[in-house]
Amino acid sequence: MNIAFLNGSYLPLEEAKISPLDRGFLFGDGIYEVVPSYAGKMVGFAPHIERMNSGLSAIGINLDWSQSDWQDLCTQLIEKNGSGNLGIYLHVSRGADSKRFHGFPENVTPTVFAFAFDIAPPPIADKALAKKYTVSTGRDLRWERCQIKSTALLGNVLHFQQGYDQGNDETLLFNADNQLTEASSCNAYIVKNGVVITPPLNNQLLPGITRQLLLDILRRDGSIPVEERIVTMDEVRNADEAWITSSSKEIGAVVEIDGEPVGNGEVGDIWLAAQTLYTAGKYNY
Ligand code: PMP
């Protein structure tokens, strides 16, 4: 049985009910996180909670929860749901109002919802075993506050579906200047001449925790140079390797973009080196 958390209680997921006037439901007015956990060990717990707090503060939701409150919640969900490969979903909406009105209501209590879902085992750093991702491309049509991990994901959902409808795993997104932003649910990277290159953090992309950990791990190791800079569509199409990262995938090797092979169309050597370092270092965060 899947045990969830809703507003202070643990209960079977199918018994968790919210008001239809919850602003998360009506407006997508909330913030969420997904923290990966393998065999009971979370990856990047503290940075995930830090990002959630900065999202809550960006949209003016006051929630009086400490890091250890979140830690207790995650620990309980892991205990109650078995310690396999889990994505721990944390969600805070502005709460249930008594009417439908755009302005922030006064005196509503934020809704806190959490549950755990199965995710794939983490990638093994082995080219022969690596999942090969294929992606589409598209113009990024989302809003200009993509740094906020909002529960209002329709823009991302439509972009994901664009790639999915073409039989692909993701959609790489480009702004009006044909610069890479990210993918619909992942950060994006290219590798050229041994250098890992990813767009800089700004309002056009989510500051991914996997991205944060990966860049830190690579820089500390020092054997693979990393650049955070604008990446053009031409560079993406001429890359030696392309990657996508997210909490539930770690580093995904993209072997095909719009039906064309990336580099030689195989999982690359730099992917192997980076995933090896990530596997070794990820629990330090
Ligand atoms: N960008 C977007 C739009 C996302 O939704 C996600 C998370 N699925 C990411 C990037 C990756 O973030 P993280 O590494 O924190 O999972």
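Conventions adopted
Residues numbered from 1 in each chain as written. Predicted model: local features only at pLDDT ≥ 70, side-chain atom pairs only at ≥ 80, totals over all residues. Heavy atoms only, no water. Helix = DSSP H or I, 4+ residues; strand = E, 2+ residues; numbered from the N terminus. Expected span 1.5 Å × (residues − 1). Buried < 20%, exposed > 50% of the residue type's maximum accessible area, 1.4 Å probe, protein only. Salt bridge = Lys/Arg side-chain N within 4 Å of Asp/Glu carboxyl O. Disulfide = S-S within 2.5 Å. Domains from an automatic or database assignment. Polar contact = N/O pair within 3.5 Å; in protein donor to acceptor, adjacent residues only side chain to side chain. Nonpolar A, V, L, I, M, F, W, Y, C, P; charged D, E, K, R; others polar. Phe/Tyr/Trp six-rings, centres within 6.5 Å; stacked < 30°, edge-to-face > 60°. Axes fitted to C-alpha atoms, helices over the stretch in contact; angles between N-to-C directions. Parallel < 35°, antiparallel > 145°, perpendicular 65-115°, else oblique. Contact = heavy atoms within 4.5 Å. Patch = residues over 30% accessible without salt bridge, like charges linked within 9 Å, V, L, I, M, F, W, Y side chains within 5 Å. Areas by Shrake-Rupley, 256 points an atom, 1.4 Å probe, with all protein chains shown as cover.

A. Molecular detail of helix H5 (residues 209–221). Here H5 spans 18 Å end to end across 13 residues, near enough to the 18 Å set by a 1.5 Å rise per residue. Every buried residue of H5 is listed here: Ile209, Thr210, Arg211, Leu213, Leu214, Leu215, Ile217 and Leu218. Residue Gly222 follows H5 closely and has a positive phi angle near 85°.

B. Layout of the pattern of salt bridges. Scanning the entire structure with this criterion turns up 16 salt bridges. For the salt bridge of Lys127 with Asp269, the shortest nitrogen-to-oxygen distance reads 2.4 Å. Taken together, the residues Lys127 in the loop between strand S6 (111–118) and strand S7 (132–139) and Asp269 in helix H7 (residues 269–281) connect sequence positions 142 residues apart. Taking the relative accessible area as the measure of exposure, Lys127 reaches 33% and is therefore partly exposed. A single network of salt bridges, built from pairs that share partners, joins Arg23, Asp29 and Arg94.

C. Representation of the state of the cysteines within the structure. In total, this model carries 0 disulfides according to the counting rule given. The structure places no disulfide on Cys146, whose sulfur is separated from the nearest cysteine sulfur, that of Cys186, by 14 Å. The buried category is assigned to Cys146, whose relative accessible area is 7%. For Cys186, a relative accessible area of 3% translates into the label buried.

D. Inspection of the domain arrangement of the protein at higher detail. On domain assignment, one finds that the protein holds domain 1 (3–118) and domain 2 (132–284). Placing a centre on the C-alpha atoms of domain 1 and another on those of domain 2 gives a separation of 26 Å. Our count for the contact surface shared by domain 1 and domain 2 stands at 0 salt bridges. Between the two partners, domain 1 and domain 2, sit 5 residue pairs in polar contact (both at pLDDT 80 or more). For the side of domain 1 that touches domain 2, the secondary structure elements donating two or more residues are strand S3 (30–38), strand S4 (41–42), helix H2 (45–58) and strand S5 (85–93). Of the residues contributing to the side of domain 1 that touches domain 2, the split by class is 12 nonpolar, 5 polar and 4 charged.

E. A look at the packing of aromatic side chains. On inspection of all chains with the given rule, the structure shows 10 aromatic pairs. For the ring pair Tyr32 and Tyr89, a centre distance of 5.7 Å and an interplane angle of 25° mean the geometry is stacked. Note that Tyr32 is positioned in strand S3 and Tyr89 in strand S5, a separation of 57 residues in sequence. Accessibility assignment for this pair places Tyr32 and Tyr89 in one class, buried. Residues Tyr89 and Phe115 carry aromatic rings whose centres are separated by 5.5 Å and whose planes lie at 55° to one another, so their mutual orientation is tilted. Highlighted residues: Tyr89 in strand S5 and Phe115 in strand S6, separated in sequence by 26 residues. Here Tyr89 falls in the buried class, since its relative accessible area comes to 16%.

F. The packing of H5 against H7, seen in detail. Taken N-terminus to C-terminus, the directions of H5 and H7 make an angle of 105°; their axes are 10 Å apart at the nearest point. Put simply, H5 runs roughly perpendicular to H7. Along its contact with H5, which presents Thr210, Leu213, Leu214, Ile217, Leu218 and Asp221, the element H7 presents Ala274, Leu277, Tyr278 and Gly281. Of the residues assigned to the contact of H5 with H7, the class counts are 7 nonpolar, 2 polar and 1 charged.

G. How the structure looks around a nonpolar patch on the surface. Where nonpolar side chains cluster on the molecular surface, the patch consists of Leu154, Val157 and Leu158 and spans about 310 Å² of accessible area. Summarising the element assignment, Leu154 is placed in helix H4 (residues 154–165).

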